[in-house]
Amino acid sequence: MSNLQPVRGTHDLMFDDIRRHRLVEDTAFEIAGRYGYGEIATPVFEATEVFTRTLGDTTDIVTKEMYTFETKGGERITLRPEGTAGVARAFISEGLAQQVPLKFFYREAMFRYERPQKGRQRQFHQIGVELIGVPGPQADVEVIALGHHILTALGVAGNIKVEVNSLGDGESRTAYREALIGFLGGHLQTLSPESRERLERNPLRILDSKDPADRALVADAPRYTDYLNAASKDFFQAVQDGLTRLDVPFIVNPGLVRGLDYYSHTAFEFTTDALGAQGTVLAGGRYDGLIPSMGGPAAPGVGWAAGVERLAMLIPEPPPAVRPVAIIPVGENESAVAEKLAHDLRKQGFAVDLGYGGNMGKRLKRADKVKARVALILGADEVRDGVITLRDLDSGAQRKLPMAEVAAALKS
RNA sequence: GCGGGUGUAGCUCAGUUGGUUAGAGCAUCGGUUUGUGGUACCGAGGGUCGCGGGUUCGAGUCCCGUCACUCGCCCCA
């Protein structure tokens, strides 16, 4: 077992990496709280149907990309590949329909059996919000503005584009889908082989194909906006007006689509070109059909999820670790005094580093390594006189002061 | 799932047309300095050359397989 490696697509998070991670999560949590979103933690695994019932026949996802297994008791279980289905399931199981509107925030690990790339692991982390029970466009606006607010607070919004689109209601989508299939079906030879397959399974996805021939064809295809009915147009306009009012910069991307039927109206993505092919940093939309499709009440919803790893990569500087106070005892007897001092200071809220051995030089070196801000030197002289030597490790200045005044001096 | 690139010390990398005991910087440890860190100087430790097989008198170097990472495609709930 000497060649132990982490399982493909998984990573150990520590030091700077996890500080970046926590900065993303904590910032998002704090700001979501200002908008009234409370945290929810759903189970890491769910009954497989929780995901398959909503994903339908989009076979790649179901067959290729879910971690599904059978338990000893014969249950079919899937590690959650995304957060919304679990929240929707909780909404149904906990009978929360009486309590709408409900606002949830989550920060959790997700699992997808995909080929790892930059910004794409098999175990990864998402933050996300769900706003359930509000049918009107102000909910979409709030959720998008919240996403933008979080990215701004993280200092990464400058590199990010906010793209929005409307999928309209069910009637609009059916009409558009037919028109699109009709048009593309007349140009089968021009379509890329991949898109020819998508034509039956997931025609809307052809709109965001990367193939140049597809793109040229799509430019002449019927436009989604022309097939939105009046109600859908009004809804989309209200979303855009709301975003403008809140100074959220956005562009309308008519090629931005969702493959699944439970989505309606607003779809949006926050993208960057700093991460190669994995440019989507936050994505969401309105899912009025999701909860009903899982057997729940007719509760509308809108939300998004963002990749913590991707956001963490965009943060230029990881937040610094806490700078402790280092206590440096010089001899054996002084060590006991130092342990007591460390304990007292920690109880008062200070971060204290106390090494486990070594002479003064070694201990100062260690203090430097843990980036201590000050060293409290405790030798025989100090103990005898009831004082301590306080050395500022940045300036090198040091002075003696009575033991009783240490805590006060450290606060300044 | 498909195609390309890369695997040499803890990290970043060098290593000639195949040729002796595989190198550097950083990091680590020790010393100059047993009451003063960072800087400097001196020294030391640390390598199954990703793994397995093959070609060869001889492989870090060439070939095959495999694993991992990486870039793109597919997918992106």
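Residues numbered from 1 in each chain as written. Chains lettered and ligands numbered in written order. Predicted model: local features only at pLDDT ≥ 70, side-chain atom pairs only at ≥ 80, totals over all residues. Heavy atoms only, no water.

**Considering the protein's contact with RNA strand B**
- Around RNA strand B sit 44 residues, and of these Lys118, Arg198, Arg205, Glu382 and Leu393 come closest.
- A breakdown of the atoms of RNA strand B within 4 Å of the protein gives sugar and phosphate a share of 54%.
- Here a base nitrogen of RNA strand B sits 2.9 Å away from a polar atom, N or O, in the side chain of Arg120.
- The contact in question runs from a base nitrogen of RNA strand B to an N or O atom on the backbone of Asp394, over 3.3 Å.
- Of all elements in the fold, only helix H3 (59–64), helix H7 (193–201), helix H13 (360–369), helix H14 (380–385) and strand E15 (387–392) reach the threshold of two or more residues within the surface near RNA strand B.
- Counted by class, the surface near RNA strand B contains 13 nonpolar, nine polar and 22 charged residues. (Near = heavy atom within 4 Å. Polar contact = N/O pair within 3.5 Å; in protein donor to acceptor, adjacent residues only side chain to side chain. Helix = DSSP H or I, 4+ residues; strand = E, 2+ residues; numbered from the N terminus. Nonpolar A, V, L, I, M, F, W, Y, C, P; charged D, E, K, R; others polar.)

**What about unusual backbone geometry?**
- Note the cis peptide between Val100 and Pro101, where omega equals -5°.
- The residue Pro101 is located in the loop between helix H4 (84–93) and strand E5 (102–111) in this model.
- Backbone geometry at Phe15 places phi at a positive 55°, although glycine is not the residue there.
- Summarising the element assignment, Phe15 is placed in helix H1 (residues 15–34).
- In this structure, His265 takes a positive phi of about 50° despite not being glycine.
- By the element assignment, His265 lies in strand E9 (residues 264–271).
- With relative accessibility at 10%, the residue His265 sits in the buried group. (Buried < 20%, exposed > 50% of the residue type's maximum accessible area, 1.4 Å probe, protein only.)

**Concerning the packing of H1 against helix H5 (residues 137–153)**
- Closest axis-to-axis distance for the H1/H5 pair is 9 Å, and the angle between their directions is 135°. It follows from the interaxial angle that H1 and H5 lie oblique. As for how H1 packs across H5, the hand of that crossing is right-handed. Here H1 contributes Thr27, Ala28, Ile31, Ala32 and Arg34 to the contact with H5, which in turn contributes Leu146, His149, Ile150 and Ala153. (Axes fitted to C-alpha atoms, helices over the stretch in contact; angles between N-to-C directions. Parallel < 35°, antiparallel > 145°, perpendicular 65-115°, else oblique. Left-handed = near helix turned anticlockwise from the far one by under 90°. Contact = heavy atoms within 4.5 Å.)

**Thoughts on the layout of surface pockets**
- If you add up the space inside the second largest pocket, you get close to 290 Å³.
- For the second largest pocket, the lining is made up of 14 residues, of which His11, Leu13, His21, Gln121 and Glu309 are closest to its centre.
- Breaking the lining of the second largest pocket down by element, the ones donating at least two residues are H1, strand E6 (123–132) and helix H11 (308–314).
- Across the lining of the second largest pocket, the residue classes tally to three nonpolar, seven polar and four charged. (1 Å grid on protein atoms, 1.4 Å probe; cavity = no way out; pocket = protein on both sides within 12 Å on 5 of 7 lines; lining within 4 Å. Points joined across faces, edges and corners; volume = space filled by probe spheres on them.)

**Some thoughts on the sheet that holds strand E4 (residues 76–79)**
- Ordered by their spatial adjacency, three strands build an open sheet running E2-E4-E3, and the pairing between neighbours is antiparallel. Here the strands that pair on one side only, and so sit at the sheet edges, are strand E2 (45–47) and strand E3 (68–70). Sheet twist, expressed as the average angle between the axes of neighbouring strands with direction ignored, equals 35°.
- As paired strands, E2 and E4 are joined by three bridges and run antiparallel to one another. Each bridged residue has a counterpart across the sheet, and for Ala47 the counterpart in E4 is Ile77. (Pairing = 2+ DSSP bridges.)

**Some thoughts on the sheet that holds strand E1 (residues 38–39)**
- Strand order in the open sheet formed by eight strands is E1-E5-E6-E11-E10-E9-E7-E8, with mixed pairing between adjacent strands. Since the sheet does not close on itself, it has two edges, and those belong to E1 and strand E8 (251–252), each with one partner.
- Where strand E7 (residues 161–166) lies against E9, six bridges are found, and the strand directions are antiparallel. Its bridge partner lying in E9, Asn165 is registered against Ala267.
- Contacts from H1 reach E1, E5 and E6, with the element oriented near 165° to E5.

**Here we look at the packing of aromatic side chains**
- Scanning the model with the defined rule gives six aromatic pairs in all.
- Seen from their ring centres, Phe29 and Phe105 are 5.6 Å apart, and the 50° between their planes marks the pair as tilted. Of this pair, Phe29 sits in helix H1 while Phe105 sits in strand E5, placing them 76 residues apart in sequence.
- Since its relative accessible area comes to 33%, Phe29 is described here as partly exposed.
- Between Phe268 and Phe270, the aromatic rings sit 6.4 Å apart at their centres with planes inclined by 55°, giving tilted as the arrangement. Exposure class is identical for Phe268 and Phe270. Each is buried.
- Members of the aromatic cluster, connected to one another through ring pairs, are Tyr176, Tyr224 and Tyr227.
- The residue whose ring lies beneath Arg107 is Phe29, and the NZ or CZ to ring-centre distance is 4.8 Å.
- The ring of Tyr263 is capped by Arg258, whose NZ or CZ atom sits 5.9 Å from the centre of that ring. (Phe/Tyr/Trp six-rings, centres within 6.5 Å; stacked < 30°, edge-to-face > 60°. Lys NZ or Arg CZ within 6 Å of the ring centre and 35° of its normal.)

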